[in-house]
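Chain and residue survey
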Amino acid sequence: MPLEPKSADFPRIRGALKFYMVCSVITGVMLLLLCTEMLLKYVWHLELFAFGPNGLLSFEPVVETPEGLESTGTGVNLSTGILIAHGWFYVVYLFSNFRLWSLMRWRFPRLLLLASGGIVPFLSFFLEARIAREVRGYLARREADAAPARPESESESVEAAQ
């Protein structure tokens, strides 16, 4: 029989779920930006730069050299910024996964599924909706089961008084 979350942890689970949902959306958006950046760089040989001599935002060519691909743009390399930002947001996303997973006392494969949301495009959006629905439903069922049922005589006396 798998372990179940303690009733005392329900408020912490709700907080962890909100944190997971926010992290999931941010990580999903950053992953889509990362995929777009990779396509630009490796298919069309372009990188996105800001505040360079060609304007506020500009696509600058990437040239192939014997050492590998090299940027030709000047200014702030937003392509590299996207790579770094996704990496850090993914670490925060993993923390949110671990927190929710441990509070819900799920099995280990569920943690692996949650973690894959940050590396498979669009998966974090689907998981976010599914996990939120599942956790909220679970908490509602547990709270309904734990709510003290009113005895019949008590409900009849309330109806008679009306």
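The paragraphs below set out a description of the structure included in this document. Sequence order as written defines residue numbering, which begins from 1 separately in each chain. Reporting in this predicted model follows two pLDDT cut-offs: at least 70 for local features of residues, and 80 or more for side-chain atom pairs to be given and counted; totals over whole chains, interfaces and linings ignore these cut-offs and use all residues. Where side-chain values are given, they derive from all heavy atoms of the structure, hydrogens and water being excluded.

**Describing the packing of helix H1 (residues 10-42) against helix H4 (residues 123-146)**
Closest axis-to-axis distance for the H1/H4 pair is 9 Å, and the angle between their directions is 170 degrees. The orientation of H1 with respect to H4, classified from their angle, is roughly antiparallel. Residues Phe10, Ile13, Arg14, Leu17, Tyr20, Met21, Ser24, Val25, Gly28, Val29 and Leu32 of H1 lie in contact with H4, whose contacting residues are Ser124, Phe125, Leu127, Glu128, Ile131, Ala132, Val135, Arg136, Leu139, Arg142 and Glu143. When grouped by side-chain class, the residues that make up the contact of H1 with H4 number 14 nonpolar, three polar and five charged. Here the axes come from fitting lines to C-alpha atoms, over the contacting stretch only for helices, and the angles between their N-to-C directions go from 0 to 180 degrees. Helix and strand assignments come from DSSP, with helices taken as H or I runs of at least 4 residues and strands as E runs of at least 2, each series counted from the N terminus. For classification purposes, an angle smaller than 35 degrees is called roughly parallel, one larger than 145 roughly antiparallel, one from 65 to 115 roughly perpendicular, and anything else oblique. Here a residue-residue contact requires only that any non-hydrogen atoms of the pair lie within 4.5 Å. Polar here means any residue other than Ala, Val, Leu, Ile, Met, Phe, Trp, Tyr, Cys and Pro, which are nonpolar, and Asp, Glu, Lys and Arg, which are charged; Gly is therefore polar.

**Section: the pairing of strand E1 (residues 46-52)**
By the bridge criterion, six bridges tie E1 to strand E2 (residues 55-65) in an arrangement that is antiparallel. From the neighbouring strand, Leu48 faces E2, where its bridge partner is Phe59. Here the rule is simple: two strands pair whenever DSSP picks up at least two bridges between them. Alignment of E1 against strand E4 (residues 76-77), held across two bridges, turns out to be antiparallel. Bridge pairing links Ala50 to Val76 in E4.

**So, the layout of surface pockets**
By volume, the largest pocket is sized at about 180 Å³. Two kinds of site are reported from a 1 Å grid over the protein atoms alone, namely cavities, where a 1.4 Å probe fits but cannot get out, and pockets, open sets with protein on both sides within 12 Å along at least five of seven lines, and residues are called lining when an atom falls within 4 Å of a point. In this structure, the largest pocket is lined by 12 residues; those nearest its centre are Leu3, Met104, Arg105, Trp106 and Tyr138. With three residues, the top contributor of residues to the lining of the largest pocket is H4. In terms of residue class, the lining of the largest pocket is made up of six nonpolar, no polar and six charged. Grid points are joined across faces, edges and corners, and a volume is the space filled by probe spheres set on the points.

**Quick look at unusual backbone geometry**
A negative phi angle characterises most non-glycine residues, just as the trans form characterises most peptide bonds. In this structure, His45 takes a positive phi of about 55 degrees despite not being glycine. Of note in the backbone geometry, Arg105 takes a positive phi value of approximately 60 degrees without being a glycine. Inspection of the secondary structure assignment puts Arg105 in the loop between helix H2 (78-104) and helix H3 (108-116).

**Points about a nonpolar patch on the surface**
Together, Met38, Leu39, Tyr42, Val43, Trp44, Leu83, Ile84, Trp88 and Val91 line one region of the surface with nonpolar side chains, adding up to about 960 Å² of accessible area. Those elements that place two or more of their residues in the nonpolar patch are H1 and H2. Per element, the largest residue contribution to the nonpolar patch is four residues, and it comes from H2. The topology assignment puts Met38 in helix H1. The residues that make up patches have over 30% relative accessible area and no salt bridge, and they are joined within 9 Å when like-charged or within 5 Å when they are Val, Leu, Ile, Met, Phe, Trp or Tyr. Using a 1.4 Å probe, accessible areas were evaluated by the Shrake-Rupley method; residue-level cover was limited to the displayed protein chains. Each reported salt bridge corresponds to a side-chain nitrogen of Lys or Arg within 4 Å of a carboxyl oxygen of Asp or Glu.

**Focus on H2**
Expected helix span is given by 1.5 Å per residue-to-residue step, counting one fewer step than there are residues. Here H2 is 27 residues long and its end C-alpha atoms lie 38 Å apart, about the 39 Å a rise of 1.5 Å per residue gives. The rule is simple: take the accessible area with a 1.4 Å probe, protein chains only, and divide by the maximum for that residue type; under 20% is buried, over 50% is exposed, in between is partly exposed. Among all positions in H2, only Ser79, Ile82, His86, Tyr90, Tyr93, Ser96, Asn97, Leu100, Trp101, Leu103 and Met104 are buried. A 3.5 Å cut-off defines polar contacts: any pair of N or O atoms within that distance qualifies, except that in protein one atom must be a possible hydrogen donor and the other a possible acceptor, and neighbouring residues in sequence count only when both atoms are side-chain atoms. Residue Asn77 occupies the N-cap position of H2, its side-chain oxygen lying 3.0 Å from the main-chain nitrogen of Ser79. Positioned one or two residues after H2, Arg105 has a phi angle of 60 degrees, which is positive.

**Quick word on the pattern of salt bridges**
For the coordinates displayed, the defined rule picks out five salt bridges. Between Arg142 and Glu4 there is a salt bridge whose closest N-O contact spans 3.4 Å. Of this pair, Arg142 sits in helix H4 while Glu4 sits in the segment before H1, and the two are 138 residues apart along the sequence. In this structure Glu4 comes out as partly exposed when scored by relative accessible area, which is 44%. Salt-bridge contacts for Arg110 lead to Glu134; the nearest nitrogen and oxygen are separated by 2.9 Å. Within this pair, whereas Arg110 is found in helix H3, its partner Glu134 is found in helix H4, the two being separated by 24 residues in sequence.

**With respect to the side chain of Glu128**
Secondary-structure assignment places Glu128 in helix H4. Arg136 provides the closest opposite charge to the buried, unpaired Glu128, separated from it by 6.5 Å. Asp and Glu count as negative and Lys and Arg as positive, but His and the ends of the chain are not part of the count.

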